[in-house]
Amino acid sequence: MEYQDIILRLQKVYAPGEARALARMALEERFGMTLTDIMCGKVTELSGEKVEELEKIILRLEKSEPIQYILGYETFCGHHFHVAPGVLIPRPETEELVEKAFHLLSCKREKEAIKGNSISKEKEEKKRVLDIGTGSGCIAVSIALKGKEAGISQEVRGWDISDEALLIAQRNGEHLKAGVTFEKRDILSEQRNEENRSYWDLIVSNPPYICFSERDDMERNVLDHEPHTALFVPDNDALLFYRAIALFALHALKSGGFLAFEINQRFGKEVCEMLTSLGYKDASLTCDQFTNPRFVTAKK
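Residues numbered from 1 in each chain as written. Predicted model: local features only at pLDDT ≥ 70, side-chain atom pairs only at ≥ 80, totals over all residues. Heavy atoms only, no water.

Chemist: Please provide a residue-by-residue account of the environment of L250, values included.
Modeler: Within the secondary structure, L250 is located in helix α10 (residues 240-252). As a C-alpha pair, L250 and R192 span 58 residues in sequence and 9.7 Å in three-dimensional space. Ignoring anything within four residues of it in the chain, the contact list for L250 reads R192, L278, Y280 and K300. (Helix = DSSP H or I, 4+ residues; strand = E, 2+ residues; numbered from the N terminus. Contact = heavy atoms within 4.5 Å.)

If you want it as structure tokens, here you go:
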């Protein structure tokens, strides 16, 4: 089997550039080849066992299965996160959500320090962060790791309704030594209680936000393989999860605490208006690196 043979097979499913990139990624990541190795024809020198493994990878790619599921990981915020069909594959845009959320948390800490509420590290109150709909745990774990690096005392939790997702998130948290606690909780039925009253400094979420009517515009590798419960909301209630989280956060956020959302670019204005109507301050919409309206933040 030659490199060009792989590309030709994949071009039946993918555009030429994507087919080439996928072939190269599989060879580099799974078989340790450099670009020089590939260009010099080292693919033909693979052992029989490795050729069989490569054939299995190609067959899965021909069925539009995401390369991240095949390799078993995706890189996010500089770390490898295990992924499998039970969780969404982390996207570059969500790395920006982590940056925005952590910035809000850091600013809150600095303001409290100026007021004298955080005189020393020993006396500093933990910053409490909740990631709702945690999936692979990439947001919660990345914020926890950033906090460790910055010397911020934190308690970070991730909630999800999927047992499979929670197992994957737990694996990622333990592997990266993030110290995150993961729990099975459903925000759509979460009750107000003393446990969460004015507890959290930051609630962050990348919840399901794609309307069912948008399915026809989606790539097959997403639609056929990634979990629909983490993708879709009803067309008649596109703000379902944002509203549920915002109502919960009215009770659960500390005064001056923040919400940070990744959103469907079609509904940025509506999310901001909803938050403002509930009494949140400074609801703002910002774009991602591709200039798409993608993030909403607000303050209690």
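Chemist: Talk me through unusual backbone geometry; I want residue IDs and the actual numbers.
Modeler: For C77, which is not a glycine, the phi torsion comes out positive at approximately 50 degrees. Within the element layout of this structure, C77 appears in the loop between β1 (73-76) and β2 (79-82). Residue C77 is classed as partly exposed on the basis of its relative accessible area, which comes to 22%. If you check the backbone angles, S198 has positive phi at about 50 degrees while not being a glycine. Residue placement: S198 occurs in the loop between β5 (181-184) and β6 (200-205). (Buried < 20%, exposed > 50% of the residue type's maximum accessible area, 1.4 Å probe, protein only.)

Chemist: Summarise helix α4 (residues 48-62); cite the residues concerned and give the values.
Modeler: Here α4 contains 15 residues, and its C-alpha end-to-end distance of 21 Å stays within 8% of the 21 Å for a straight helix at 1.5 Å per residue. Restricting attention to buried positions, one finds in α4 the residues L54, I57, I58 and L61. All buried residues of α4 project into a common sector of 100 degrees when viewed along the axis, lining one side. In α4, the exposed positions that point more than 90 degrees away from the buried face belong to G48, E49, E52 and K56. Where α4 is buried, its residues contact α1 (3-10), α2 (16-31) and α5 (67-71). Positive backbone phi, at 70 degrees, marks S64, one or two positions downstream of α4. (Expected span 1.5 Å × (residues − 1). Arc of directions from axis to C-beta.)

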